[in-house]
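Below, each chain spelled out in residue letters.
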Amino acid sequence: MQRSARTLSSVLHRSCALGAQRSSIVGWKCLAPTRQTDGNFKPMLSVQQLRFYTDKPSAPKFEKEGRAAFTIHNVEEFKRLIESDKIYLFDVREPSEVAEGRPPAKRYCNLPIGQVVACMRLSPEEFKEKYGVEKPNKHDSEVVTMCLAGVRSTWALQAFHEFGYVKARHFAGGWAEWNKNYPHYHRKD
């Protein structure tokens, strides 16, 4: 059963990434059956089949969802920020998606979502060497994340906040909304 526990643990770590760091979950138990294949236990589970245990004496309390305070809701505001050069735009789409075009921000970095956490651990010198741009200052630069439609940029926003970028926000409309409203106002790299 140890192998099954390790497999489930790796599934949890991959799927809960940043959220698990802030949660009060201290253990879990698989309620799903397992089957043995070639000497390895393979869990057959869905999320509903995991029971989480907490170290808190009472049920978790939900705090007010604060994501709206860190969201740029309309494309006009986003355009104004780009034109005034007040933001450092991190586009978390894949390079193949960025090849279709991107907003014309002067301070721009294509940082695919899979690299966000690792890049935050780089020194400013390593960051510049890898991405060709300066790493933003945690307290002075206004970081904005964007993707195609706002899902990946929300994940990136959470990662930036975890690493101390307190002014970080995300553009909820993403490239889809930008290209719909300003189809001729973009760059292709």
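One can find the structure itself at the top, above this paragraph.
Small disclaimer: the values here were computed from a predicted structure and weren't measured.

(A) Structural view of the pairing of strand β8 (residues 143-146). The alternating pattern of β8 places V143 and T145 on one face and V144 and M146 on the opposite face, and all of these are buried. One ladder, built from four bridges, connects strand β6 (residues 88-91) with β8; its direction is parallel. Across the sheet, the residue bridging to L89 is V144, located in β8. Considered for its hand, the β-α-β crossover made up of β8, helix α6 (residues 151-162) and strand β9 (residues 169-171) is right-handed.

(B) Broad picture of the sheet that holds β8. Taken in spatial order, the five strands line up as β5-β9-β8-β6-β7 in an open sheet, and their pairing is parallel. Pairing within the sheet leaves two strands with one partner each, and these edge strands are β5 (71-72) and β7 (108-110). Pairing geometry for β6 and β7, over three bridges, is parallel. Its bridge partner lying in β7, D91 is registered against N110.

(C) Layout of helix α7 (residues 174-181). For α7, the full list of buried residues reads G174, W175 and W178. For α7, the arc enclosing every buried residue in end-on projection is 110 degrees, short of the 170-degree limit, so these residues lie on one face. Close packing links the buried residues of α7 with α2 (75-83), β8 and β9.

(D) A look at the nonpolar core. The biggest cluster of nonpolar side chains holds 19 residues, and the ones touching the most others in it are F90, C109, L111, V116, F127, Y131 and F160. Among the secondary structure elements, those contributing two or more residues to this core are β6, α4 (116-120), α5 (124-131) and α6. Counting residues in hydrophobic clusters, the runner-up holds 16 residues, among them V98, V144, W175 and W178.

(E) Highlighting the packing of aromatic side chains. Tallying each qualifying case throughout the model produces eight aromatic pairs. Ring geometry for F78 versus F171: centroids 4.1 Å apart, planes at 10 degrees, classification stacked. Here F78, found in helix α2, pairs with F171, found in strand β9; they are 93 residues apart in sequence, far enough to count as distant. Judged on exposure class, the residue F78 and its partner F171 are both buried. Relative to Y182, the ring of W178 lies with its centre 5.0 Å away and its plane at 50 degrees, an arrangement referred to as tilted. A single burial state applies to W178 and to Y182, both of which are buried. Three or more aromatic residues joined by ring pairs form one cluster here, namely Y88, F90, F127, Y131, F160 and Y165. For R102, the ring lying beneath its charged end belongs to Y108, and the centroid distance is 3.7 Å.

What counts and what doesn't
Residues numbered from 1 in each chain as written. Predicted model: local features only at pLDDT ≥ 70, side-chain atom pairs only at ≥ 80, totals over all residues. Heavy atoms only, no water. Buried < 20%, exposed > 50% of the residue type's maximum accessible area, 1.4 Å probe, protein only. Helix = DSSP H or I, 4+ residues; strand = E, 2+ residues; numbered from the N terminus. Pairing = 2+ DSSP bridges. Right-handed = clockwise from strand over helix to strand, strands pointing away. Arc of directions from axis to C-beta. Contact = heavy atoms within 4.5 Å. Core = buried A, V, L, I, M, F, W, Y, C linked by side-chain atoms within 4.5 Å. Phe/Tyr/Trp six-rings, centres within 6.5 Å; stacked < 30°, edge-to-face > 60°. Lys NZ or Arg CZ within 6 Å of the ring centre and 35° of its normal.

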